[in-house]
Amino acid sequence: MDFITENKKKNKNRFLWLTLVPIYVFTLVFVLVPFIYMLVLSFLTRAEVWGTVNRFTMDNYIRILEPLYISTFLSSLKLALVVTLLITLFGYPFGYFMAKLPANIKNRVMMLLMIPFWTSGLIRLYGWIIVFRSNGTLDQVLMGLHITEKPLKLLYSYPAVVVGMIYVLVPFMILAVYSSVEKMDWTLVEAARDLGAGRIKAFITVTFRLTLPGLLSGVVLTFIPSMGLFFVSDILGGNKIVLVGNVIQEQLTKGRNLPFAASLSVILMILTSLIIGLYRKLANTKELEGLF
């Protein structure tokens, strides 16, 4: 028996070794090394034409404190808050009721949610240009219903960017809430009802609290990307809506200022880490519902 137990332990240790080593190697090569490179790059000096000079400086971070870049960060935060709020108002009820659907209908709805991921996000966003452009699909519908008399200028506007962000990110909220509702113990809701709680009170005191990790996970999965999805603001907002991601892209491509772009990326990653840390504290978990 001791031999069999020892054999099982050896096999288990071998399995863990074979599983964890590739994960650690992947994390080291594709996460830690690029982050260290970006961090070191953010403290270097920009060369006159292209590249960097190996001279330590804090100018890249001091430059971020200029009103222009502070304003960009605040605008990005404002847009992220608006998008996240609207996604929550739509995504939470959708994910909640989707989890309560019959199995066959639930699978179809899940398939409809996943199908857009089979197509490039850029192509899907270009489809919104057809909808929002002057005399486009939306204008024709509104004028056909006699709601408006002339074409609206929706393309390359703030509302167009918000709609594009919602379209791209709302599945993450729905899946996070759906995963959380699926794991719920519904007997607790029944117990609350038996003890005299109404539907609304039972929902607030039991259901909402049990699905709060999924909701917070959805908030993290939508708030963080919405600050850096520069291609959405480029396609639907033109040059009118500038996010932190747009500034990083411009510094890398047009400005050729790698150290400053790296410093902006480091600040963005710090904000991301703070948000994830806040989520872990509020949800009392280390995993994001719905995806991990």
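Caption draft 1: Local environment of the overall build of the protein chain. Assigned secondary structure in the protein chain consists of 12 helices and two strands. Compactness check: the protein chain gives a C-alpha radius of gyration of 24 Å against a globular reference of 19 Å for 292 residues, more than 25% above the reference. Here the protein chain holds 292 residues, and the buried ones make up 37% of them. A separation threshold of at least 6 residues defines the contact pool for the protein chain, and within that pool the share at least 24 residues apart is 69%. A total of about 18400 Å² of accessible surface is found on the protein chain, and carbon and sulfur atoms cover 68% of it. A gap of 1 Å separates the mean positions of the 27 positive and 15 negative side-chain charges of the protein chain.

Caption draft 2: Layout of the side chain of Thr222. For Thr222, the position within the fold is in helix α9 (residues 199–226). A residue is classified by how much of its surface remains accessible, and Thr222, at 0% relative accessible area, is buried. Within the structure, Thr222 has its side chain in polar contact with the backbone oxygen of Gly218 (distance 2.8 Å). If we skip the residues at most four places from it in the chain, Thr222 touches Thr84, Ile87, Leu169 and Met173.

Caption draft 3: A look at the nonpolar core. In terms of nonpolar packing, the biggest core is built from 33 residues, with Leu79, Val83, Val161, Met165, Val232 and Leu236 touching the most fellow members. Listed by contribution, the elements that provide at least two residues to this core are α3 (67–99), α4 (103–114), α5 (121–132), α7 (158–182) and α10 (230–237). Take this core: its biggest share by element is 13 residues, from α7. By size, the runner-up hydrophobic cluster in this structure holds 20 residues, among which are Val244, Ala262, Leu264 and Val266.

Caption draft 4: Seen up close, the packing of α3 against α7. Following both chains from N to C, one finds α3 and α7 inclined at 40°, their axes separated by 6 Å at the closest point. With respect to each other, α3 and α7 are oriented oblique. Judged by the twist between their axes, the crossing of α3 over α7 is right-handed. Of the residues belonging to the contact of α3 with α7, the class tally is 23 nonpolar, three polar and two charged.

Caption draft 5: Summary view of α9. Counted at 1.5 Å a residue, the expected span for α9 with its 28 residues is 40 Å, but the 34 Å between its end C-alpha atoms falls short. Approximately 50° is the largest bend angle found in α9, and it occurs at Leu212, with the proline Pro213 only one to four residues beyond.

Caption draft 6: Examining the pattern of salt bridges more closely. Applying the stated criterion across every chain, the model contains one salt bridge. Note that Lys106 and Glu182 form a salt bridge whose closest N and O atoms lie 3.1 Å from each other. Taken together, the residues span a long stretch of sequence, with Lys106 in helix α4 and Glu182 in helix α7 at a distance of 76 residues. Take Glu182: its relative accessible area is 41%, and that puts it in the partly exposed class.

Caption draft 7: Here's a closer look at the packing of α10 against helix α11 (residues 244–253). It is the contact of α10 with α11, at a shortest axis distance of 7 Å, that shows an interaxial angle of 95°. Taken together, α10 and α11 sit at an angle that is classed as roughly perpendicular. Across the interface between the two elements, Phe230, Ser233 and Asp234 of α10 pack against Gly245, Asn246 and Gln249 of α11. Tallied by class, the residues present in the contact of α10 with α11 amount to one nonpolar, four polar and one charged.

Caption draft 8: Spatial organisation of the environment of Leu152. Counting through the fold element by element, Leu152 comes out in the loop between α6 (137–144) and α7. Residue contacts for Leu152: discarding those within four places in its chain leaves Ser134, Asp139 and Leu142.

Calculation notes
Residues numbered from 1 in each chain as written. Predicted model: local features only at pLDDT ≥ 70, side-chain atom pairs only at ≥ 80, totals over all residues. Heavy atoms only, no water. Helix = DSSP H or I, 4+ residues; strand = E, 2+ residues; numbered from the N terminus. Rg over C-alpha atoms; globule rule 2.2 N^0.38 Å. Buried < 20%, exposed > 50% of the residue type's maximum accessible area, 1.4 Å probe, protein only. Contact = heavy atoms within 4.5 Å. Areas by Shrake-Rupley, 256 points an atom, 1.4 Å probe, with all protein chains shown as cover. Lys, Arg positive; Asp, Glu negative; His and termini not counted. Charge placed at Lys NZ, Arg CZ, Asp CG, Glu CD. Polar contact = N/O pair within 3.5 Å; in protein donor to acceptor, adjacent residues only side chain to side chain. Core = buried A, V, L, I, M, F, W, Y, C linked by side-chain atoms within 4.5 Å. Axes fitted to C-alpha atoms, helices over the stretch in contact; angles between N-to-C directions. Parallel < 35°, antiparallel > 145°, perpendicular 65-115°, else oblique. Left-handed = near helix turned anticlockwise from the far one by under 90°. Nonpolar A, V, L, I, M, F, W, Y, C, P; charged D, E, K, R; others polar. Expected span 1.5 Å × (residues − 1). Bend = angle between axes of the 7 residues up to and from the residue. Salt bridge = Lys/Arg side-chain N within 4 Å of Asp/Glu carboxyl O.

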